[in-house]
Amino acid sequence: MASRPRSSTSGGGSRPRRALLAALVAASVAVPVSGAARPSAVPAPAPAVLAPLRAATPGALAERYAANRAGIRAAERAAAGHGDHRRAAALRAMAEPARHFLSFDGRDGGRAAEVFGDLSRAVRIAVVVPGSDTSLDRYGRLRAGAEALQQELGGRSAVVAWLGYKTPGTVSPEVLTPGRADEAAPALRRFMAELRAAGPAARTSLLCHSYGSVVCGRAASGTEMANVENIVLYGSPGTGRDNTAALRTRATVWAGLGTDDWIAALPHGRLQLTSLQVGLGADPMSPEFGARVFAAGDGGHSDYLKPGSVPLENMARIVSGQLPSQEARHA
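This structure is a prediction, so every number in the text was calculated from the model and none was measured.

J.: Help me understand the packing of aromatic side chains in this model?
T.: The geometry of two aromatic rings is summed up by the distance between their centres and the angle between their planes. By the definition in use, this model includes three aromatic pairs. For the pair Trp162 and Tyr165, a centre-to-centre distance of 6.2 Å together with 20 degrees between the ring planes defines the contact as stacked. Under the relative-accessibility criterion, Trp162 is labelled buried at 3%. For the ring pair Tyr234 and Tyr304, a centre distance of 5.4 Å and an interplane angle of 65 degrees mean the geometry is edge-to-face. Taken together, the positions of Tyr234 in strand S7 (residues 228–234) and Tyr304 in the loop between strand S11 (292–293) and helix H8 (310–319) put the pair 70 residues apart, joining distant regions of the chain. Owing to a relative accessible area of 2%, Tyr304 belongs among the buried residues under this scheme.

Below is the structure:
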């Protein structure tokens, strides 16, 4: 006899199960449409193997940035040869001398870690982990948000836009499971370990948007994350866990949600369907989850890092070691 799905939802009962299963069916139906809309893969050369960054000195950083700039230019030539002039133009902009990449890989949608600010002098570092549908072809929003955060933080700060994994499509079965996050977590841990080795005295925070919250949730318990002081979840569908204790982190966990963010309408909980987990755990804004909730304004899902916004100000304060100007009451 086939076993019935087991629910790990915090509220139990059949309503969360029905909601999650309905969401899975809807996403599965939408896959052919979303898949057809996604750009085809663009060939790119394998990046050069670089030695770990041992110290964030100006000389070491300049060497790393130059090596990745060469890799970006090689990917630009490959894209141009493939006939994808839009990708080639985007890569040409990335290769400008004023831009600084700690890592780059143009294959499979692209991976990159771009630095804003002077990492060699930074006493505050924020690593921004993006959510679904982020790639080299849709990189502008991530870059703009990271740049706005660094400007809000000011001097002696650095922000890293970490596109270190293959993000799921917003409308896809993968976005309803922690699978892509499980694949991404080791890469995030390795990156954070390298960042800690390069600048061990800096205050470091993880800012995790949307599905990026699941990536941070899966990576949080690693020993490589021991120096992370804050994990900030915003526009989050969940972390793949049911509460902050399950994250097994010493970091302070924060959560914020804009009042016009559609993510609030998603069901929360987890279902185990044979070997597949569906659902992303408890609502980070709920009292049961246990995060500190900060005011995130009245914006939508893509508005958190907009210049002049309430969530941008509050997240900058958290990264700087200050309390947000307003701590919201639990929803």
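Picking up where we left off.
J.: How should I be thinking about the nonpolar core in this particular structure?
T.: For soluble globular proteins, the rule of thumb is that nonpolar side chains tend to be buried together. Core analysis: the largest hydrophobic core is formed by 50 residues, its most contacted members being Leu102, Leu119, Val127, Trp162, Leu188 and Leu206. With nine residues, the single largest contributor to this core is helix H5 (residues 179–198). Not counting chain neighbours up to four residues away, the residues in contact with Trp162 comprise Ala112, Ala113, Val127, Val128, Val129, Pro130, Ala184, Ala187, Leu188, Phe191 and Val215. By size, the runner-up hydrophobic cluster in this structure holds 37 residues, among which are Ala79, Tyr139, Leu153 and Leu163.

J.: I keep staring at the pairing of strand S3 (residues 111–117) and nothing clicks. Help me out?
T.: Within a regular strand, the side chains alternate between the two sheet faces. Of all the seven residues making up S3, five are buried; the element is thus mostly covered by neighbouring parts of the structure. Where strand S2 (residues 100–105) and S3 come together, five bridges link them in antiparallel fashion. Directly across from Phe104, in S3, lies its bridge partner Ala112. From the end of S2 to the start of S3, which pair antiparallel, there are five residues, and Asp108 there has a positive phi angle of about 55 degrees. The sheet contact formed by S3 and strand S5 (residues 157–163) spans six bridges and is antiparallel. Each bridged residue has a counterpart across the sheet, and for Ala112 the counterpart in S5 is Leu163.

J.: What should I look at first to understand the side chain of Asp84 in this one?
T.: Tracing the backbone through its elements, the reader meets Asp84 in the loop between helix H2 (58–82) and helix H3 (85–94). No salt bridge is formed by the buried Asp84, whose closest oppositely charged neighbour, Arg87, lies at an N-O distance of 5.3 Å. One polar contact links the side chain of Asp84 to the main-chain amide nitrogen of Arg87, over a distance of 2.8 Å. Look past the residues within four positions of Asp84 in its chain and what remains in contact with it is Val42 and Ala79.

J.: Looking at this structure, I do not really get the environment of Val228. What am I missing?
T.: Within the secondary structure layout, Val228 lies in strand S7. For Val228, a relative accessible area of 5% translates into the label buried. It is 7.9 Å that separates the C-alpha atoms of Val228 and Arg250, two residues lying 22 residues apart in sequence. Non-local contacts of Val228, meaning those with residues more than four positions away in its chain, are made with Met192, Thr204, Ser205, Leu206 and Ala251.

J.: Explain the pattern of salt bridges here, please?
T.: One side chain can pair with another of opposite charge once the charged atoms of both are near each other. Within this structure, the stated rule accounts for 13 salt bridges. A salt bridge links Arg92 to Glu76, with the nearest nitrogen and oxygen atoms 3.0 Å apart. Taken together, the positions of Arg92 in helix H3 and Glu76 in helix H2 put the pair 16 residues apart, joining distant regions of the chain. Owing to a relative accessible area of 45%, Arg92 belongs among the partly exposed residues under this scheme. Classification of Glu76 as buried rests on a relative accessible area of 17%. Residues Arg270 and Asp242 are paired through a salt bridge, measuring 2.7 Å at the closest nitrogen-oxygen approach. Residue Arg270 is located in strand S9 (residues 269–273), and its partner Asp242 is located in the loop between S7 and helix H7 (244–247); the two are separated by 28 residues in the primary sequence. Judged by its relative accessible area of 21%, Asp242 falls in the partly exposed class. Among the charged side chains, a salt-bridge network with shared partners connects Arg99, Glu114 and Arg143.

J.: Teacher, can you tell me more about the sheet that holds S7 here?
T.: Whether parallel or antiparallel, the strands of a sheet pair through hydrogen bonds between backbone atoms. Across the sheet, eight strands lie side by side as S2-S3-S5-S4-S6-S7-S8-S11; this open sheet has mixed pairing. The sheet terminates laterally at S2 and S11, the two strands that pair on one side only. Of the pairings in the sheet, the one linking strand S8 (residues 252–256) to S11 comprises two bridges and is parallel in character. Residue pairing across strands places Ala255 opposite Val293, the latter belonging to S11.

Parameters at a glance
Residues numbered from 1 in each chain as written. Predicted model: local features only at pLDDT ≥ 70, side-chain atom pairs only at ≥ 80, totals over all residues. Heavy atoms only, no water. Phe/Tyr/Trp six-rings, centres within 6.5 Å; stacked < 30°, edge-to-face > 60°. Buried < 20%, exposed > 50% of the residue type's maximum accessible area, 1.4 Å probe, protein only. Helix = DSSP H or I, 4+ residues; strand = E, 2+ residues; numbered from the N terminus. Core = buried A, V, L, I, M, F, W, Y, C linked by side-chain atoms within 4.5 Å. Contact = heavy atoms within 4.5 Å. Pairing = 2+ DSSP bridges. Lys, Arg positive; Asp, Glu negative; His and termini not counted. Salt bridge = Lys/Arg side-chain N within 4 Å of Asp/Glu carboxyl O. Polar contact = N/O pair within 3.5 Å; in protein donor to acceptor, adjacent residues only side chain to side chain.

The quantities given are spatial measurements derived from coordinates; they are silent on function.
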